[in-house]
Amino acid sequence: MQEGSRQKLVDCACHRYRAGMEHADIVILGAGAAGLFCADSLAGQGLRVVVIDHARAPGEKIRISGGGRCNFTNLATSHDRFLSQVPRFCASVLAGYRPQDFVALVDRAGIAWHEKTQGQLFCDGKATQIVRMLVDRMGDASLRLGTAVRDISAGGGGLIVDTDASPIAAGRVVLATGGRSIPKMGATGVAYDIAARLGHRIVTPRAGLVPLTFAEQALHLTRPLAGVSVAAAVRAGRTAFRDGLLFTHRGLSGPAILQASSFWSPGDELAIDLAPDDDAAAALNAAKRQGGRGQVAGALARLLPERLASAIADEAGLAAARLADQPDARLNALGRRVNDWRIRPVGSEGWRTAEVTVGGVDCRDLDARTLESRRVAGLHIIGEAVDVTGWLGGYNFQWAWASGHAAARAILRAGPGVS
Ligand SMILES: Cc1cc2nc3c(=O)[nH]c(=O)nc-3n(C[C@H](O)[C@H](O)[C@H](O)COP(=O)(O)OP(=O)(O)OC[C@H]3O[C@@H](n4cnc5c(N)ncnc54)[C@H](O)[C@@H]3O)c2cc1C
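Everything numeric here is computed off the predicted structure, so don't read it as measured data. (Residues numbered from 1 in each chain as written. Predicted model: local features only at pLDDT ≥ 70, side-chain atom pairs only at ≥ 80, totals over all residues. Heavy atoms only, no water.)

1. Some words on the nonpolar core
Where we set the bar: The nonpolar core is taken to be a set of buried Ala, Val, Leu, Ile, Met, Phe, Trp, Tyr and Cys residues, with the residues joined through side-chain atoms within 4.5 Å. Think of it in three bands: residues with accessible area under 20% of the maximum for their type are buried, residues over 50% are exposed, and the middle band is partly exposed, with areas taken using a 1.4 Å probe on protein chains only. Labels follow the DSSP assignment, with helices taken as runs of H or I lasting at least four residues and strands as runs of E lasting at least two, numbered in each case from the N terminus. Residue contacts are counted whenever heavy atoms from the two residues lie within 4.5 Å of one another.
In terms of nonpolar packing, the biggest core is built from 77 residues, with Val27, Phe72, Phe102, Ile130, Trp399 and Trp401 touching the most fellow members. Top element by residues in this core is helix H14 (residues 395-414). It accounts for 10 residues. Not counting residues within four places of it along the chain, the set of residues in contact with Trp401 comprises Ala33, Phe37, Ile62, Phe72, Tyr97, Phe102, Ile130 and Leu134. Within the second largest apolar cluster, 44 residues are counted, among which are Ala256, Ala297, Leu304 and Leu334.

Spelled out as structure tokens, the structure:
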């Protein structure tokens, strides 16, 4: 924002609000993962910290995360596990607060955990233990639930937060109201609206870590397979993920698809290997040479779940066909169908089920160490609201903790007032 326009906001705000307005040192907007952790990192310093959220309870997404067990971090966290228009932007923030730092807090709180796969750490018990730990650690911070944030403006040498209750003036404001995913859990686009009004660029938000959907003609294969899962390798563009794939009534889901969805854009094709450990064409031809008295579907079922094998044989018009009767070329084509299935989803299940938002406040408008806005002094933007999106597997919470911590550290270093 230009100096002149910033001054104009100051003047407007001073006229609008009376001197009796509530003052805090720091107002944190959003009592989700990033906001709560920022409040924790500011606790015990004698600062007046107010945390505002429109939900009835704090940390609602933490509560439902990881199937109720919260995949709270990933030991393999590194900047290359995140999508952003500025790929290395998150590196220094992540280096300033590591997965081991959060694990130490979890251990100190007596919360039992286990490593599932690939460095993913989950609670043994309920995810609510993490919410409780965070709320307990907030110290004297005032948590105001059921209060919606409307806007932020500059005023009186600081910032003024406009809510549906009374406005609050603060030396610094931390915007941590998250992304758009799962409106039913309290998600709104308010961070983007406010940031855009204050002059920040926004990388168009889209649903990530989300099931993908097919057009009616492709559903003839997938719909009858709903519930079947298979270990697969799924490639969107140049990025491939090897993990579980699940057929659904509307298309595909499972971790490999959720991961790929964050790299997928409408119109893109997916390349899916349904048997990544096998060369299906070679296996079918070898089975034929070894006698080939069995059916094609039977040979496929040695590589794939039976229902999927039958569906693929059926689709090729080979439901009851004998292996021995098939020319090599047909078996090769069938092999490609298994190892290199090309499909163009028509869309995704959208914000209703997306675990994250890809895109958000453009990193070019934020300081990479403090997450302070380059447009509005004293405003920090953290968590999912920023254009930093983790892969599936605990990375998004690690970004929430690390970005909350970075903003808090910067505030403590600089003092709550805007210099
Ligand atoms: C089903 C599901 C499962 C997930 N599982 C995992 C997992 O296991 N591991 C992992 O790393 N990540 C997981 N994630 C992603 C993770 O939950 C988010 O990346 C993380 O919560 C983002 O933190 P945040 O604080 O930025 O936003 P949020 O946690 O979304 O918090 C934002 C807060 O702002 C509040 N808010 C929004 N608008 C307003 C407004 N206008 N006024 C006041 N308050 C407002 C919201 O109520 C919310 O409390 C999961 C997400 C979902 C949806």
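Now that the structure has been shown, we can carry on.
2. A few points about the sheet that holds strand S17 (residues 341-343)
Test applied: For two strands to be treated as a pair, DSSP must find at least two bridges joining them. For every element, the axis is a line fit to its C-alpha atoms; helices are fit only across the contacting stretch, and the angle between N-to-C directions ranges from 0 to 180 degrees.
An order of S17-S16-S13-S14-S15-S12-S18 is seen for the 7 strands of this open sheet, with the pairing classed as antiparallel. The strands lining the two open edges of the sheet, one partner per strand, are S17 and strand S18 (347-348). Against the sheet, helix H13 (residues 328-339) engages strand S16 (270-273) and S17, with an angle of about 105 degrees to S16.

3. Some words on the pairing of strand S1 (residues 22-29)
The element S1 is largely enclosed, with a buried count of 6 among its 8 residues. Where S1 meets strand S10 (residues 168-175), 7 bridges bridge the pair, whose relative direction is parallel. Bridge pairing in S10 places Glu22 opposite Ile168. Here S1 pairs with strand S2 (residues 49-52) via 4 bridges, running parallel. Bridge assignment links Ile26 to a residue of S2, and that residue is Val49.

4. A short note on the sheet that holds strand S5 (residues 113-115)
Pairing is antiparallel across the open sheet formed by 3 strands, whose spatial order is S3-S6-S5. Of all strands in the sheet, those bounded by a partner on one side alone are strand S3 (71-74) and S5. Put simply, the sheet's adjacent strands are angled 25 degrees from each other on average, direction ignored. Strand direction decides the pairing type here: S5 and strand S6 (residues 120-123), joined by 3 bridges, are antiparallel. Looking across to S6, one finds that Glu115 is bridged to Leu121.

5. Some points on the site of the ligand
Keep this limit in mind: To be near a molecule or strand, a residue needs just one of its heavy atoms within 4 Å of it. Polar contact is defined as a pair of N or O atoms within 3.5 Å, subject to the rule that within protein one atom must be able to donate a hydrogen and the other to accept it, and that residues adjacent in sequence are counted only when both atoms are side-chain atoms. What sets the accessible areas is the Shrake-Rupley method with a 1.4 Å probe; for residues, cover comes only from the shown protein chains. Three residue categories are used. Nonpolar comprises Ala, Val, Leu, Ile, Met, Phe, Trp, Tyr, Cys and Pro, charged comprises Asp, Glu, Lys and Arg, and polar comprises the others, including Gly.
As a matter of local geometry, the ligand sits amid 31 residues, with Ala34, Asp53, Thr188, Glu384 and Phe397 nearest to it. A distance of 3.2 Å is found between a nitrogen atom of the ligand and a backbone nitrogen or oxygen belonging to His54. Interatomic distance of 2.6 Å between a side-chain N/O atom of Thr188 and a nitrogen atom of the ligand. Alone, the ligand offers 1,000 Å² of accessible surface; in the complex the protein occludes 93% of this. Only helix H2 (33-42), helix H3 (60-64) and H14 provide two or more residues apiece to the shell around the ligand. Top element by residues in the shell around the ligand is H14. It accounts for 3 residues. Partitioned by chemical class, the residues of the shell around the ligand number 13 nonpolar, 14 polar and 4 charged.

6. Comments concerning the pairing of strand S13 (residues 229-236)
Taking every second residue as pointing to the same face, the buried face of S13 carries Val230, Ala232, Val234 and Ala236, while none of Ser229, Ala231, Ala233 and Arg235 on the other face is buried. Remark: 2 residues form the turn of the hairpin made by S13 and strand S14 (residues 239-247), two consecutive strands paired antiparallel; Gly237 in that turn has positive phi of roughly 65 degrees. Of the pairings in the sheet, the one linking S13 to S16 comprises 4 bridges and is antiparallel in character. Residue pairing in the sheet places Ala233 in a bridge with Asp273 of S16.

7. Overview of helix H7 (residues 190-197)
Considered for burial, the residues of H7 that qualify are Val190, Ala191, Tyr192, Ile194 and Ala195. Tucked inside the fold, the buried residues of H7 contact strand S8 (149-155), S10, strand S11 (202-208), strand S19 (356-361) and strand S20 (379-381).

8. Observations regarding the environment of Arg250
Summarising the element assignment, Arg250 is placed in the loop between S14 and strand S15 (251-253). Taking relative accessible area as the criterion, Arg250 reaches 42% and is therefore assigned partly exposed. Sequence separation between Arg250 and Ala195 is 55 residues; the distance between their C-alpha atoms is 35 Å.

Nothing here speaks to function; it is all geometry.
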